[in-house]
Amino acid sequence: MLSALAAYRQMKKPPIYHGMIAWLSSHSTSTEDFYRTPYPENSLYRQYYDGACRRANSLGYRVKEYPLNKDDMTPERMSNILIAQGVQGIIVPPLSSLGQHINMRWELFSAVRFGFSLEKPQLSVISSAQYRNSLIVVKKLQTLGYQRIGFFGSHEFDDRTDGNFTAGYRSALKKMPHSCHIPLLLTEEGARLKDTLTRIRQWITEWKTDAVVCVTGMQDELIQAGYHIPDDIAVALLTHNKGVKGFAGIDEQGYRTGSAAVDCTINMIHCGERGIPEIPFQMLIEGTWTDGPSAPPTR
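1. Overview of the sheet that holds strand β1 (residues 19-23)
Inference 1: Strand order in the open sheet formed by six strands is β2-β1-β3-β5-β7-β13, with parallel pairing between adjacent strands. At either end of the open sheet lies a strand with only one pairing partner, and these are β2 (61-65) and β13 (282-285). Taken pair by pair, the neighbouring strands of this sheet meet at an average axis angle of 25°, ignoring direction.
Inference 2: Two strands pair when backbone bridges link them, and strand β5 (residues 110-114) and strand β7 (residues 124-128) are joined in this way by three bridges, in the parallel orientation. The partner of Val112 across the bridge, within β7, is Ser124.
Inference 3: Helix α10 (residues 254-271) contacts β1, β2, β3 (89-92), β5, β7 and β13 of the sheet and is inclined by roughly 160° relative to β5.

This is the structure in structure tokens:
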């Protein structure tokens, strides 16, 4: 009760500045340019960043970007910069490419990462509940009356999400009649557009698909393949955001995810938990369904 009273009193006071949390970016543009870009494919990352900044400010911390991609920057130099500036906590946002290794002096910092693009070290993960989100999307489309629901994505996206979305979709298939099972369509991001559009048409025709679950941005390829949404086929986005108008899908709650990353980092700082964890944990934030004209009820 005394702890609760102390916490309540602290909440009523203006936050006292406690320190900096490093946002360890690897993109070619600055955080302000990349995370605040109007392009919808970056919207979720922008929510991560804004959610982290808001939560940190409310607790007396400040999130500051430290770019790793500068020509003269090395992991050792970055470690020295963070130590010199008194940084104790690090958040590693989704990186620009898969399989990256960052060999810093992690034993000096409390750190978490978003998602799975950082291969080493194996830090604890803050992420949307991608497996659950796939289940939610398929179940919602079934409720709306769709029976032949296909999954359209890319192999790179599947790798970036550690196969969680596709695993959720496969799990959802088990609860559907076998006659409604449709194989996943995963394309190569470097493939010729003409070949990809041909594969889309063949897939939809062969399996008589009436609804497609896909990643934000890939609905454009369905349109380029000649399909009118939702007249020809319904579409629900796995990574829905407000930048894409007229589509149904999952809101991954990026602001909450960014806030949770800060909470975890600060808690680790207070508990003295530094370095690479022996057993990393995963904190998953469940998404919510957003209605949209791209997936209207069929009855």
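2. Details of helix α3 (residues 43-58)
Along an α-helix, a turn takes 3.6 residues, which lines up residues three or four apart on a common side.
Inference 1: With 16 residues, α3 ought to run about 22 Å at 1.5 Å a step, and its terminal C-alpha atoms sit 23 Å apart, in line with that.
Inference 2: Burial in α3 covers these residues: Ser43, Leu44, Tyr45, Gln47, Tyr48, Tyr49, Asp50, Gly51, Ala52, Cys53 and Ala56.
Inference 3: Downstream of α3 by one or two residues, Gly60 has phi in the positive range, about 90°.

3. A look at the environment of Gly272
Inference 1: By the element assignment, Gly272 lies in the loop between α10 and β13.
Inference 2: Look at Gly272 and you get partly exposed, because its relative accessible area is 42%.
Inference 3: Expressed as a C-alpha distance, the spacing of Gly272 and Leu108, which sit 164 residues apart in the sequence, is 9.9 Å.

4. What to know about helix α8 (residues 193-207)
Inference 1: Over its 15 residues, α8 extends 21 Å from the first C-alpha to the last, a length consistent with the 21 Å expected when each residue adds 1.5 Å.
Inference 2: The complete set of buried residues in α8 reads Thr196, Leu197, Ile200, Trp203 and Ile204. Taken end-on, α8 shows its buried residues confined to a sector of 125°, consistent with a single buried face. Exposed residues lying more than 90 degrees from the buried face of α8 are Lys194, Gln202, Thr205 and Glu206.
Inference 3: Lining the buried residues of α8 we find β8 (149-154), β9 (185-187), β10 (211-214) and α9 (219-224).
Inference 4: Immediately downstream of α8, the backbone of Lys208 shows phi near 50°, a positive value.

5. Examining the packing of helix α5 (residues 130-143) against helix α7 (residues 164-173)
Helix-helix packing is described using two parameters, namely the angle between the two axes and the distance between the axes.
Inference 1: Across the interface, α5 lies against α7 with an axial gap of 7 Å and an inter-helix angle of 40°. Between α5 and α7, the interaxial angle falls into the category oblique. For the crossing formed where α5 meets α7, the hand is right-handed. Packed against α5, whose contacting residues are Gln130, Tyr131, Asn133, Ser134, Leu135 and Val138, the element α7 presents Asn164, Phe165, Ala167, Gly168, Tyr169, Ser171 and Ala172 at the interface.

6. Looking at the side chain of Gln47
Inference 1: Turning to its location among the elements, Gln47 is positioned in helix α3.
Inference 2: Taking relative accessible area as the criterion, Gln47 reaches 11% and is therefore assigned buried.
Inference 3: A polar side-chain atom of Gln47 sits 3.1 Å from the main-chain amide nitrogen of Gly254.
Inference 4: Not counting residues within four places of it along the chain, the set of residues in contact with Gln47 comprises Asp251, Gln253, Gly254 and Tyr255.

7. With respect to the packing of aromatic side chains
Inference 1: A full pass over the atoms with the stated rule returns six aromatic pairs.
Inference 2: On the numbers, 6.1 Å between centres and 25° between planes, the contact of Tyr45 with Tyr48 is stacked. A residue pair is termed a helical-turn pair when its members lie 3 or 4 positions apart in one helix, as Tyr45 and Tyr48 do in helix α3 at three residues.
Inference 3: A ring pair is formed by Phe157 and Phe165, whose centres lie 5.5 Å apart and whose planes are at 15°; its orientation type is stacked. Each member of the pair, Phe157 as well as Phe165, carries the same accessibility label: buried.
Inference 4: Chaining the aromatic ring pairs together yields one cluster made of Trp23, Tyr45, Tyr48, Tyr49 and Phe114.

8. Side note on the sheet that holds β8
Inference 1: Taken together, the six strands give an open sheet; going across it, the order is β9-β8-β10-β11-β12-β14, and neighbouring strands pair in mixed fashion. One side of each edge strand has no neighbouring strand; the edge strands of this open sheet are β9 and β14 (288-290). Pairs of neighbouring strands in the sheet enclose a mean axial angle of 20°, with direction left out of account.

9. Quick notes on unusual backbone geometry
Inference 1: The peptide bond linking Lys120 to Pro121 adopts the cis configuration, its omega dihedral lying at 0°.
Inference 2: Tracing the sequence through the fold places Pro121 in the loop between β6 (118-120) and β7.
Inference 3: In this model, Ile229 is joined to Pro230 through a cis peptide bond whose omega is 5°.
Inference 4: Inspection of the secondary structure puts Pro230 in the loop between α9 and β11 (234-240).
Inference 5: Unlike most non-glycine residues, Asp162 shows phi in positive territory, near 60°.
Inference 6: Assignment of secondary structure puts Asp162 in the loop between α6 (155-160) and α7.
Inference 7: Although it is not a glycine, Gln253 adopts a positive phi angle of roughly 55°.
Inference 8: By secondary structure assignment, the location of Gln253 is in the loop between β12 (248-251) and α10.
Inference 9: Exposure remark for Gln253: the relative accessible area of 17% places this residue in the buried category.

Criteria and thresholds
- Residues numbered from 1 in each chain as written.
- Predicted model: local features only at pLDDT ≥ 70, side-chain atom pairs only at ≥ 80, totals over all residues.
- Heavy atoms only, no water.
- Pairing = 2+ DSSP bridges.
- Helix = DSSP H or I, 4+ residues; strand = E, 2+ residues; numbered from the N terminus.
- Axes fitted to C-alpha atoms, helices over the stretch in contact; angles between N-to-C directions.
- Contact = heavy atoms within 4.5 Å.
- Expected span 1.5 Å × (residues − 1).
- Buried < 20%, exposed > 50% of the residue type's maximum accessible area, 1.4 Å probe, protein only.
- Arc of directions from axis to C-beta.
- Parallel < 35°, antiparallel > 145°, perpendicular 65-115°, else oblique.
- Left-handed = near helix turned anticlockwise from the far one by under 90°.
- Polar contact = N/O pair within 3.5 Å; in protein donor to acceptor, adjacent residues only side chain to side chain.
- Phe/Tyr/Trp six-rings, centres within 6.5 Å; stacked < 30°, edge-to-face > 60°.

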